[in-house]
Amino acid sequence: MSYYGSSLISSEEEILQEVENEYEETFENDDFFQLPPDDVIAFNELRSCADIYRLFTKKQLKIEPEFQRQIIWPDSAKTRFIDSLMKQLPIPSMCISLDYKTDQRLVVDGLQRIFTIVQFLGQGQNILDSKFENWRLSSLADIDQRIKGKTVNEIKNENPLLFERVENLTLPITVIRFDSSKESHMNYLYTIFHRLNTGGTKLSNQEIRNCIYQGLLNNLLKECVNYQNWMKLKLFKEKNIKRLEDQEFILRFFAFLDDRDSYGGTLSRFLNNYMENHRNLTSDLYSDKYKTFQRAVDILCKILEQDKPFDISKVVIEGLLIGIAVNLPLLEKLEINKLRSAYEKLRQSEVYLAKNLQGGLLKTNKVKERFEKSIQIFGGLSVN
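Residues numbered from 1 in each chain as written. Predicted model: local features only at pLDDT ≥ 70, side-chain atom pairs only at ≥ 80, totals over all residues. Heavy atoms only, no water.

S.K.: I would appreciate a short explanation of the overall build of the protein chain in the present structure.
M.R.: Helix and strand content of the protein chain: 20 helices and 5 strands. The buried share among the 384 residues of the protein chain stands at 54%. At a minimum sequence separation of 6, the contacts of the protein chain that also span at least 24 residues come to 74%. (Helix = DSSP H or I, 4+ residues; strand = E, 2+ residues; numbered from the N terminus. Buried < 20%, exposed > 50% of the residue type's maximum accessible area, 1.4 Å probe, protein only. Contact = heavy atoms within 4.5 Å.)

S.K.: I would appreciate a short explanation of the pairing of strand β3 (residues 94-99) in the present structure.
M.R.: If a strand is regular, its side chains alternate between the two faces of the sheet. Counting buried positions along β3 gives 6 out of 6 residues, so the element sits mostly inside the fold. The alternating pattern of β3 places Met94, Ile96 and Leu98 and Cys95, Ser97 and Asp99 on opposite faces, both of which are buried. Here β3 pairs with strand β5 (residues 170-178) via 6 bridges, running parallel. Looking at β5, one finds that Asp99 is bridged to Phe178. Examined bridge by bridge, β3 and strand β4 (residues 104-109) share 5 bridges and lie antiparallel to one another. Residue pairing across strands places Ser97 opposite Leu106, the latter belonging to β4. Connecting β3 to the antiparallel partner β4 that follows it, the hairpin turn spans 4 residues, and Asp103 within it adopts a positive phi of roughly 65°. (Pairing = 2+ DSSP bridges.)

S.K.: Which parts of the structure should I look at to understand the environment of Lys78?
M.R.: Inspection of the secondary structure assignment puts Lys78 in helix α4 (residues 75-86). Spatially, the C-alpha atoms of Lys78 and Pro36 are 34 Å apart, while their sequence positions differ by 42 residues. With sequence-adjacent residues up to four places away left out, Lys78 is seen in contact with Trp73, Thr116, Gln119 and Trp135.

S.K.: I would appreciate a short explanation of the confidence of the model for the protein chain in the present structure.
M.R.: Predicted coordinates in areas of low pLDDT are best not read in detail. Here the protein chain averages 87 in pLDDT, while 91% of its residues score no lower than 70. Contacts for the low-pLDDT stretch residues 1-9, under 50 throughout, to residues beyond four places or in other chains number 19 contacts. (pLDDT = per-residue confidence, 0-100.)

S.K.: So what exactly am I meant to see when it comes to the packing of aromatic side chains here?
M.R.: Considering all chains together, one arrives at 15 aromatic pairs under this definition. Ring geometry for Tyr227 against Tyr290: centres 6.4 Å apart, planes inclined by 80°, an arrangement best described as edge-to-face. One end of the pair, Tyr227, is in the loop between α10 (216-224) and α11 (228-233); the other, Tyr290, is in helix α15 (residues 283-304), and 63 residues separate them in sequence. Among the residues examined, Tyr227 registers a relative accessible area of 14% and is labelled buried. Site record: aromatic cluster; members linked through ring pairs are Tyr227, Trp230, Phe236, Phe249, Phe253, Phe254, Tyr290 and Phe293. Positioned above the aromatic ring of Trp135, the side-chain terminus of Lys78 is 5.1 Å from the ring centre. Lying across the ring of Tyr100, Arg177 places its NZ or CZ 4.0 Å from the centre. (Phe/Tyr/Trp six-rings, centres within 6.5 Å; stacked < 30°, edge-to-face > 60°. Lys NZ or Arg CZ within 6 Å of the ring centre and 35° of its normal.)

S.K.: Would you mind showing me how to read the pattern of salt bridges here?
M.R.: Opposite charge on two side chains permits pairing when their charged atoms draw close. In total, this model carries 20 salt bridges according to the counting rule given. Between Arg136 and Glu154 there is a salt bridge whose closest N-O contact spans 3.4 Å. Residue Arg136 is found in the loop between α5 (111-121) and α6 (152-158), and its partner Glu154 is found in helix α6; the two are separated by 18 residues along the sequence. Residues Glu207 and Arg243 are paired through a salt bridge, measuring 2.8 Å at the closest nitrogen-oxygen approach. Residue Glu207 is located in helix α9 (residues 205-212), and its partner Arg243 is located in the loop between α12 (238-242) and α13 (245-259); the two are separated by 36 residues in the primary sequence. The two residues Glu207 and Arg243 agree in class, both being buried. (Salt bridge = Lys/Arg side-chain N within 4 Å of Asp/Glu carboxyl O.)

S.K.: How should the nonpolar core be read in this particular structure?
M.R.: Across soluble globular proteins, nonpolar side chains have a tendency to be buried as a group. Membership of the largest hydrophobic core comes to 82 residues, with the highest contact counts inside it found for Ile212 and Trp230. Among residues more than four places away in sequence, those in contact with Trp230 are Cys224, Val225, Leu235, Phe236, Asp246, Phe249, Ile250, Phe293, Val297 and Leu321. (Core = buried A, V, L, I, M, F, W, Y, C linked by side-chain atoms within 4.5 Å.)

If you want it as structure tokens, here you go:
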């Protein structure tokens, strides 16, 4: 429930909950379709499991650490997959992107299968997180008796031909050849990730960005979510943090702070373009942005400290942060009572009333009205 004044009647509570639910959906459901650029090429190839393993060890095939921690098959599923490889059963085609400028590959679809191959062939080589070492295959009734409950090293020593069969088996792979320096190519790659990812846990928008928009901006988001006062706010539940929703929220903060005038109603495209255009920050700009975030969050914490415990709508928090960040030099000179007064004025303004927030939170006019109102209210305060 979100607080609005001292109390809420039932209907207002329901409206606020609907608004919050709609806002939560923007982390998952906002999408756009990018037509394939003429110079993006898709082709099919066959790669042996040993070849896939080699590409990974040579750092030419990237598997993000976040995926290793959060979206991984249980041992029983991995065991059945290895058993299928040994029995040479048909395996669905996987999809990998190839940046022909850097020779870097990303797993678009088939992450669990590729990771399982790397884990199996790489046992004892210290190429993965230690928790993936010393893997003992599951004792399942429907797998080859020779691998049931065995470690990979035991399989290699007792039945080397089975291990070699996995190494030599070729798998079908669809390759998307693209150029990461082109915005249209990156948007198309995002679309492919969004549409083709078919694992048991579908990647969120920010998990996809975390994979394809590597750089200092991505690193900045990861640092910001660990800032002490940000963590005190506890805006996101643990399950949402695991899906990187907190990082997307901070990305939205930077994007709307810098480029809100260019927002056109499609949030995912707006955020993708911002990450593409700013992913290679200079160290000075990185530092400036981090300090801006810290200062804005510090003021936000002061404003909200009397409301603990609180669960204020993220729509309001987003507007607050933008209004604060734009007016930082002024607000840092003011006493808490003036900041609190501005906050209450914001909550009672027409654009932030629950009934007016309902429906179309991402519409261009609604988004810009919310930010303009917050900037106006906090910018109208006086030191005297």
